[in-house]
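# Residue-level structure breakdown
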Amino acid sequence: MPEGDTVWQAARRLHSALAGKVLLRSDLRVPRLATTDLTGRAVLEVIPRGKHLLTRVEGGLTLHSHLRMDGSWKVFANGQRWTGGPAHQIRAILGNAERTAVGYRLPVLELLRTTDEDRAVGHLGPDLLGPDWDPDLALANLLKDPDRPLGEALLDQRNLAGIGNVFKSELCYLLGVTPWLPVGHLPADRAAKLPELAKRLLEYNRDRPIRRTTGTTSTSSTTGASRTPSTPRTTNRRVPDLFVYGRAPRPCLRCGTPIRIADQGDGSRERPTYWCPTCQRGPAPAPTAPHRDRPRTAG
């Protein structure tokens, strides 16, 4: 489920494999790029921008891709068997003398002039993992619509770039409010903490193979009065990687109340959202029944 942390990891893998090397293979399997050939051009760099990937190549061109829910870029040594999915799901192949990058299930793939990158990413707010990060601007963007539910505001990449459905649920839990709380009702002290807390979560996970928000696997014994959201209740077993996302109806790690799940959004996309009705204050809909096979939308 790609979010800002995993897109950052993908950019790092692609940059390591492709940057500074001449492309010997180029195969872009979308109709409008079917005749495009990038062979003979060197890849200059691969950078993430929120949940977007920008692969810059010689000649002032940028290959823009977005992973959305289940897209991925895989890097293989030449001669290695490709394992990212069936061949019909491949949308892009970029190869040099040593490595081949294969893009699977890419819902967005377009070739732009590098000077026109703003057409693809200019609408984005401050990037949580980017050099343009500005916590004050991110918070101001979130507060522009005080009646909007916090979860929806966090997913709006125009406010701040990089948060998807997993971090949305986890961040609301750590703030102690439901994702349906209007942004303007967020207590001032928690609103002030929100941008940097979001940044810490993504920074902590950008170098981790498995996303984790619950801290270390071993915690000291704490009492209910002193526990904080970053201190799980359980101490004798391995702590789950996430506080609430994907855990309905298992017990909350802090209070033991069953985690709940419901959809959030305008109905155009199913966005299962998780929360603890005891630890998180604010409005919430009636929970829906969790289903093991239900898709978990990333954002």
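So, here is what we can say about the structure in this document. These numbers were taken from a predicted model, which means no experiment stands behind them.

With that settled, consider the environment of P272. Positionally, P272 belongs in strand β10 (residues 272-275). Of the residues examined, P272 reaches a relative accessible area of 0% and is grouped as buried. P272 sits 27 residues away from Y245 along the chain, and the two C-alpha atoms are 8.8 Å apart.

As summarised here, the arrangement of the four strands in space is β1-β6-β7-β5, forming an open sheet in which the pairing is antiparallel. Where the open sheet ends on each side, the last strands, each with one partner, are β1 (25-28) and β5 (72-77). Averaged over neighbouring strand pairs, the angle between their axes works out to 20° when direction is ignored. Alignment of strand β6 (residues 90-95) against strand β7 (residues 99-104), held across five bridges, turns out to be antiparallel. In the sheet register, A92 faces β7, and the bridge partner there is G103. Contacts between helix α1 (residues 4-18) and the sheet are confined to β5, β6 and β7, with β5 contributing the most and set at about 35° to the helix.

On to the packing of helix α3 (residues 135-143) against helix α6 (residues 188-205). Where α3 meets α6, the axes come as close as 9 Å, and the angle between the chain directions of the two elements is 120°. The angle between α3 and α6 places the two elements in the oblique class. With respect to the hand of their crossing, α3 and α6 are arranged in right-handed fashion. Residues P135, L139 and L142 of α3 form the contact with α6, whose participating residues are A191, A192, L194, P195 and E196. For the contact of α3 with α6, the residue count by class is seven nonpolar, no polar and one charged.

Counting buried positions along strand β4 (residues 61-66) gives six out of six residues, so the element sits mostly inside the fold. Here β4 shows no split at all, with L61, L63 and S65 on one side and T62, H64 and H66 on the other all buried. By the bridge criterion, six bridges tie strand β3 (residues 52-57) to β4 in an arrangement that is antiparallel. Looking at β4, one finds that T55 is bridged to L63. Linking β3 to β4, which pair antiparallel, is a turn of three residues; within it G59 sits at a positive phi near 90°. Here β4 pairs with strand β8 (residues 108-113) via six bridges, running antiparallel. Paired with H64 across the strands is E110, a residue of β8.

Rules of the game
- Residues numbered from 1 in each chain as written.
- Predicted model: local features only at pLDDT ≥ 70, side-chain atom pairs only at ≥ 80, totals over all residues.
- Heavy atoms only, no water.
- Helix = DSSP H or I, 4+ residues; strand = E, 2+ residues; numbered from the N terminus.
- Buried < 20%, exposed > 50% of the residue type's maximum accessible area, 1.4 Å probe, protein only.
- Pairing = 2+ DSSP bridges.
- Axes fitted to C-alpha atoms, helices over the stretch in contact; angles between N-to-C directions.
- Contact = heavy atoms within 4.5 Å.
- Parallel < 35°, antiparallel > 145°, perpendicular 65-115°, else oblique.
- Left-handed = near helix turned anticlockwise from the far one by under 90°.
- Nonpolar A, V, L, I, M, F, W, Y, C, P; charged D, E, K, R; others polar.

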